Amino acid sequence: MSELQNMKDEFLRDIRKIIDDARRNAVRSVDFCRVQMYWNIGRRIVEEEQHGQQKAEYGKYIIVNLAAKIEPEYGSGFGKRQLERARQFYRTYPIASAVRTQLNWAQYKKLISISDTDKREYYELEAVNNAWTGRELERQVDSLLYERLLKSTDKASLLAMARKERLPENASDVIKDPMVLEFLGLEKKPAYYETDLESALISHLQEFLMEMGNGFTFVARQKRLLIEDDEFFVDLVLYNRLLRCFVIIELKTGKLSHQDLGQLQMYVNYFDRYEKTKDENSTIGILLCTNKNDTLVKITLPEDNKTIMASEYKLYLPTQEQLCKELDEAKEDLRKTVESFDNK
């Protein structure tokens with residue numbers, strides 16, 4: 001009876017999978033047909049403009065009149081703004097084969113709003129590589145993922161990783177600073193417990209791993225380390241399959257101190273000596289804090305340090321202007337630090 005039941009369960013799972021796969025493929029097919037439709041509309045508008053008076057006013061005239069005729073018949077998806085997007089879509093992607101079947105119209109609307117070619121290519125590739133939804137792509141663009149990663153690596157390397165021409169080689173290739181954790185839904189208040197932050201991260205583990213970067217998987221929470229008679233507990237342990245190493249995260253709701261860095265270094269040493277295998281790379285330690293002192297980090301850690309990092313986190317999604325200002329300030333601080341070392 002149990003064998004018959006198992007067979008029935010397996011049969012039912014197979015049928016459900018066939019139906020679910022077909023539905024997903026149907027939705028994907030409809031999404032791409034919509035993308036192709038807007039691309040072709042954009043192409044035809046541009047062709048009509050080129051046959052006309054070669055003036056911007058003529059282009060506006062075409063779109064306004066076209067919208068007036070087809071929007072009452074086909075709906076708001078064919079209003080003036082959408083037709084302008086269709087034209088911009090074709091101009092941005094004039095080669096039909098460059099339009100990706102994995103992306104939908106909502107994602108392309110976000111992509112064509114990005115004027116920087118390299119930046120747009122990065123988000124396009126990462127959306128495909130990580131199967132981002134339209135909402136996920138929008139969040140990554142709005143939280144300046146590209147700019148945050150550029151703080152620790154160069155543009156050529158960032159694009160090479162997105163193109164899968166090279167794998168990440170060190171922590172700075174994948175770790176963002178700052179990390180934006182607005183999805184945790186924690187209140188803005190002067191103080192809260194580290195356990196609150198940890199619990200919120202575990203409750204939103206999928207979003208947290210996506211914010212961390214590519215290749216991260218969850219290993220443990222409050223990992224117990226027994227060193228002779230002393231017990232220690234690591235807040236979070238992750239593993240990065242691209243870097244092929246453990247990633248230890250310590251959470252601090254206060255200002256970073258050199259004692260925090262020393263404790264994290266001890267955890268990293270423990271994992272390197274007792275947890276990692278010979279074919280794995282050195283453990284990475286990340287101190288996630290509300291406020292960090294870059295100079296303190298550099299002085300506390302060895303000059304050749306590549307495994308211990310401090311990264312700030314934010315519990316709300318800042319405006320692009322705020323993030324841009326912070327990134328510019330960080331670059332200026334880095335420039336001054338480099339100059340001071342050069343002058344010595």
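Model, not experiment: these values are computed from the prediction.

Draft legend 1. Quick peek at the environment of E126. Along the chain, the position of E126 falls in helix α5 (residues 117-129). Taking the relative accessible area as the measure of exposure, E126 reaches 5% and is therefore buried. For E126, the contacting residues outside a window of four places in its chain are A131, W132, A162 and N214.

Draft legend 2. Geometry of the nonpolar core. Membership of the largest hydrophobic core comes to 38 residues, with the highest contact counts inside it found for F89, V99, Y108, Y122 and Y123. If you list the elements that add at least two residues to this core, you get α1 (2-51), α2 (56-74), α3 (80-92), α4 (105-111), α5, α6 (134-142), α7 (145-150) and α8 (155-162). The leading source of residues in this core is α1, at 7 residues. If we ignore the near neighbours within four places in the chain, the residues touching Y108 are V35, F89, Y93, A98, V99, R100, L103 and E124.

Draft legend 3. Highlighting the pattern of salt bridges. Enumeration according to the criterion identifies 15 salt bridges in this entry. Its salt-bridge partner being E47, residue R44 comes within 3.9 Å of it at the nearest N-O pair. In this pair, R44 and E47 both sit in helix α1, 3 residues apart, roughly one turn of the helix. Among the residues examined, R44 registers a relative accessible area of 43% and is labelled partly exposed. In this structure, the salt-bridge partner of E84 is K80, at a minimum N-O distance of 2.7 Å. Placement of both E84 and K80 in helix α3 is noted, with a separation of 4 residues, approximately one turn of the helix. By sharing partners, the salt bridges in this structure join R43, R44, E47 and E48 into a single network.

Cut-offs and rules
- Residues numbered from 1 in each chain as written.
- Predicted model: local features only at pLDDT ≥ 70, side-chain atom pairs only at ≥ 80, totals over all residues.
- Heavy atoms only, no water.
- Helix = DSSP H or I, 4+ residues; strand = E, 2+ residues; numbered from the N terminus.
- Buried < 20%, exposed > 50% of the residue type's maximum accessible area, 1.4 Å probe, protein only.
- Contact = heavy atoms within 4.5 Å.
- Core = buried A, V, L, I, M, F, W, Y, C linked by side-chain atoms within 4.5 Å.
- Salt bridge = Lys/Arg side-chain N within 4 Å of Asp/Glu carboxyl O.

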